[in-house]
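# Structural characterization, general
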Amino acid sequence: MKSIDRYMARLIALPLFSTLFIAAMLLILDRIRRLFDFVATQGGPVSVVWKMLANLLPEYLGLGIPIGLMLGVLLAFRRIATSSELDVMRGVGMSYARLLRVPYMYAIVLAAANIAIVGYVQPIARYNYEKLRFELRTGALGASVKVGEFTHLGDRMTMRIEGSRDKGRKLSGIFVHAQTPKGDWVGVTAEGGQFLATDDPNVIIFRLTNGTLIHNRADFATPRTLSFSSHDLPIDLPKFESFRTRGGKNLEYTLPQLAKLGHASGTEAQRDSSRAEFHFRLAEVVSMFLLPLLAVALGVPPKRSSSALGVFLSIVMVVTYHKVNQYAASVGERGAIDPLIALWVPFLVFAGLIVWMYYTVAYVPGGQPIGALERFFSKTWKLIVRYLPGRNRRKVAA
């Protein structure tokens, strides 16, 4: 790489990876509270929250990578434009096409990474996330016994624990009520206890200390009572239904599977649904090759201007295009419009707008695609500042 290429690579790298990291963290922070609430409500272990977040990360990267690429290139060009370095480069004969060499190197690498994520990693991660949600709801993850509350283990056993120490290995104030298939019931109270594993994965031992056991049956004249210093109570773990196989939703299919389903001999609705998801993912990845052009068009401000309107507008355009694609995919899934038309017509419109904006900046002398917007927001801001209460008081004081 030549020195100018290395320089551009450094300028792009920091905002690109910083944006990617910040976007992922913001999306995770938005979801983490709801996940903690959900896991706590279902009584599951806290460690499952991190597993669920790890399975959501590929979905966040699918949107974060394009935004990171665009902002990395945009902020790099904005820096060299506001510091007049761009004028020097242009003066020695460097075209915008030459300066875009490094941004397109980034675009190719990140597009390859993105298609691997949305095409292969994200479907599997999405399935694992849904599986964890299912296991939490059914209790298959081994819901924790809540202190001070009645916990139901299956349909025949109820338990209450008054105290828990040493991360649940030492329990105190124990009450257990269990029923057998024959109609017997057993009530146990004990000062302490702990759970022990057995060779059978479907059975655990609850070892109780210093307590009383009451056993009653219909043919007993009076319930039998037993005081003990140590007693092992076997507990049959409830059996849970198995989670469905992967592919219950289009989000869980890889790109080759979607392509195959789109031409399979199923119903027309199934084919439309698979084709819509297939074209949605492809359109999202292909649009990344337009982002360097958009970044140049919005990153180079007008002369004698330091406005950051282009940064704001670039994010709005990318997010809006993403939402339009989501809506187009839903329309294609319903069969109202052919998925090929529903997804690629917005892409062509988006591409045409970006190419026009880039051409205006690169080949029209003094061209500025958002010059009118710059002037409008500049005048609006001056009008707002003019009528601010504090500004009027300062004028009167002067």
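Cut-offs used in this document
- Residues numbered from 1 in each chain as written.
- Predicted model: local features only at pLDDT ≥ 70, side-chain atom pairs only at ≥ 80, totals over all residues.
- Heavy atoms only, no water.
- Core = buried A, V, L, I, M, F, W, Y, C linked by side-chain atoms within 4.5 Å.
- Buried < 20%, exposed > 50% of the residue type's maximum accessible area, 1.4 Å probe, protein only.
- Pairing = 2+ DSSP bridges.
- Helix = DSSP H or I, 4+ residues; strand = E, 2+ residues; numbered from the N terminus.
- Axes fitted to C-alpha atoms, helices over the stretch in contact; angles between N-to-C directions.

Formed by 61 residues in total, the largest nonpolar core has its most connected members in Leu 69, Phe 77, Tyr 96, Leu 294 and Leu 298. By size, the runner-up hydrophobic cluster in this structure holds 16 residues, among which are Met 159, Leu 171, Phe 206 and Leu 208.

In spatial order, the strands read β1-β2-β3-β4-β5-β6; together these six strands make up an open sheet with antiparallel pairing. What marks the edges here is a single partner per strand, and that holds for β1 (150–153) and β6 (224–236). Pairwise comparison of adjacent strand axes, ignoring direction, gives a mean angle of 30 degrees for this sheet. In this structure, β1 lies alongside strand β2 (residues 157–165), joined through four bridges in antiparallel fashion. Looking at the pairing, Leu 153 lines up with Met 157 of β2.

We now examine unusual backbone geometry. For Ser 84, which is not glycine, the phi torsion reads 70 degrees and is therefore positive. Topologically, Ser 84 is positioned in the loop between α2 (47–82) and α3 (85–91). Taking relative accessible area as the criterion, Ser 84 reaches 38% and is therefore assigned partly exposed. The phi angle at Asn 210 is positive, at roughly 55 degrees, despite the residue not being glycine. Within the fold, Asn 210 resides in strand β5 (residues 203–216).

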